[in-house]
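Structural characterization, general
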Amino acid sequence: MRWRRRILWLLTGALAAGLAGIVLLNVWPHEKQLEHRLQHVSAVESAQFRREMGTLLGTGVSAGNAVADYQNGEEIFPAMLAAIHGARHSVNLETYIYWSGEVSKKFVAALTERARAGVRVHVLADWLGSTRMKQEVVDALRAGGVRFEYFHPLHWYSLDRINNRTHRKLLVVDGKVAFNGGVGIADAWEGNGLQPDHWRDMQFRVEGPAAAQMQAIFSQNWLATTGEALLGPDYYPEVPRGGDLSVQAFASSPDGGSENMQLMYLMAINGARRRIDLEAAYFVPDELTLTALRDAMRRGVRVRLVVPGPYVDSAMVRNASQASWGAMLQAGARMYRYQPALFHNKLMVIDGYLTIGGSANFDNRSFRLNDESNIAIYDHAFAAHMTEVIDSDIARSRELTLAQWRQRPWRRRVFDWLSSRVADQL
């Protein structure tokens, strides 16, 4: 009997060691991360700032683009579906969330109709984020001619990457028109962002050379998932000018360029000279990013921050976020909590000139663990419009003061502190 107990203990120990190893492989960064304050960052409105951004992030700033913003599902889904219906050569969709429901049915119908018409249609859905996607949806897509794949599905040989998800929300049509933002394919995003059971969010439509950059971003993960390179004029046609805006599409991934997203935000914050308007569905900054924001306020930069109010999809993230609010308020930031619905925006406007939006949240998971995709728009008029969008959200929010933050119940303070201890994984 003793030898059986010893074998059982040995097996239990080996299993525990294996599980610990898997956890370490999932949380340990694959690349060296940003650790030091940025020095000598030029103003965001300067030619030097654009020159550095066009080099550091791996994609240049392209001229000749048109950008439109769509607010909430009532505007976003019709625009995306119209683009799919208008496809002539290719449709590429990468999403973190694809859930069964009425919205899913509309996308299945649109995607399969184009596939049957001879359009090359590819869908890449995150395995973890799309767990509410019923198999019948996958079967319908594949039966309709859509190439459907899961990103990082669960296999024993890929357990070391189970924590690396694609959080991107990309749709690229004919290599010329692309959508990027925070919206998943799910009924939760329907409506106008004013109901508690629906989410407040936005999406950008880009037409022009920057759409080709987003096609390349999609193609990288399609290649990593399937081993297939998407090439040819169906995916990379000659792209005419779509408008007059300068746009940069950039991505981040633990497999390469994991610092891109945080670097962009840090460059923008350090390059601010007058004001920073930030909307963050998940505001859990690390010490380096929090320091950059406080340094900006010490320079006299006005900071406004919009975060979720009473409706959240993760209590732990909310608690960890609240732990950092005191430092922001003490430094002089004005904070607003969106009231009508679950707030899911990811948007930053710097000095009324630089607009940054996309899938990335303001937290460590987006900066270091997830695959993300954002766009940066360099234009005063577009930034002024997006500032109006932020003003509209603030009008539907309640301002939080430092005194109110300090008066929260002691149990709330304990939960906030405990949640902040695991902020690196949130």
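Described below are features of the structure shown in this document. This one's a predicted model, so the numbers in the text were calculated from it and none came from an experiment. Each residue is numbered by its place in its chain's sequence as written, counting from 1. The predicted nature of this model means local features are confined to residues of pLDDT at least 70 and side-chain atom pairs, given and counted, to a pLDDT of 80 or more, with totals for whole chains, interfaces and linings taken over all residues. Excluding hydrogens and water, the side-chain values take into account all heavy atoms of the structure.

Quick word on the layout of surface pockets
- Lining residues are those with an atom within 4 Å of a point, where the points come from a 1 Å grid over the protein atoms alone and group into cavities, where a 1.4 Å probe fits but cannot get out, or pockets, open sets with protein on both sides within 12 Å along at least five of seven lines. Grid points are joined across faces, edges and corners, and a volume is the space filled by probe spheres set on the points. Taken as a whole, the largest pocket spans an internal volume of roughly 590 Å³.
- Taken together, 25 residues form the lining of the largest pocket, with Tyr96, His167, Tyr282, Asp313 and Arg365 sitting closest to its centre.
- Gly is put with the polar residues, along with every residue not named as nonpolar or charged; the nonpolar set is Ala, Val, Leu, Ile, Met, Phe, Trp, Tyr, Cys and Pro, and the charged set is Asp, Glu, Lys and Arg. In terms of residue class, the lining of the largest pocket is built from nine nonpolar, ten polar and six charged.

Re the pattern of salt bridges
- Whenever Lys or Arg places a side-chain nitrogen within 4 Å of a carboxyl oxygen from Asp or Glu, that contact is recorded as a salt bridge. Under the definition given, this model contains 20 salt bridges.
- Here Arg168 ties to Glu94 by a salt bridge, and the two come within 3.9 Å at their closest N and O atoms. In this pair, Arg168 is assigned in the loop between strand E4 (147-151) and strand E5 (169-173) and Glu94 in strand E2 (residues 90-95), connecting sequence segments 74 residues apart. In terms of burial, Arg168 and Glu94 fall into one category: buried.
- Note that Asp126 is salt-bridged to Arg165, the shortest N-O span being 3.1 Å. Of this pair, Asp126 sits in strand E3 (residues 120-126) while Arg165 sits in the loop between E4 and E5, and the two are 39 residues apart along the sequence. Secondary structure counts use DSSP, requiring at least four H or I residues in a row for a helix and at least two E residues in a row for a strand, with both numbered from the N terminus. Partly exposed residues are those whose accessible area sits between 20% and 50% of the maximum for their type, while under 20% is buried and over 50% is exposed, using a 1.4 Å probe and protein chains only.

What about the packing of aromatic side chains?
- Centres within 6.5 Å make a pair out of two Phe, Tyr or Trp rings, where for Trp the six-membered ring is used; the pair is then stacked when the planes are under 30 degrees apart, edge-to-face when over 60, and tilted otherwise. In total, this model carries 13 aromatic pairs according to the counting rule given.
- Each ring, one from Trp99 and one from Trp189, has its centre 6.3 Å from the other, and the planes form 45°; the classification is tilted. Residue Trp99 is found in the loop between E2 and helix H4 (102-116), and its partner Trp189 is found in the loop between strand E6 (177-181) and strand E7 (199-200); the two are separated by 90 residues along the sequence. Neither residue differs from the other here; Trp99 and Trp189 are each classed as buried.

Some details on the pairing of strand E12 (residues 302-308)
- The buried fraction of E12 amounts to six of the seven residues, a majority that puts the element mostly inside the structure.
- By the bridge criterion, five bridges tie strand E10 (residues 275-280) to E12 in an arrangement that is parallel. Within the sheet, the bridge partner assigned to Asp277 lies in E12 and is Arg304.
- When DSSP finds two or more bridges between a pair of strands, those strands are recorded as paired. As paired strands, E12 and strand E13 (residues 334-338) are joined by five bridges and run parallel to one another. Across the sheet, residue Val306 finds its bridge partner in E13, namely Tyr336.

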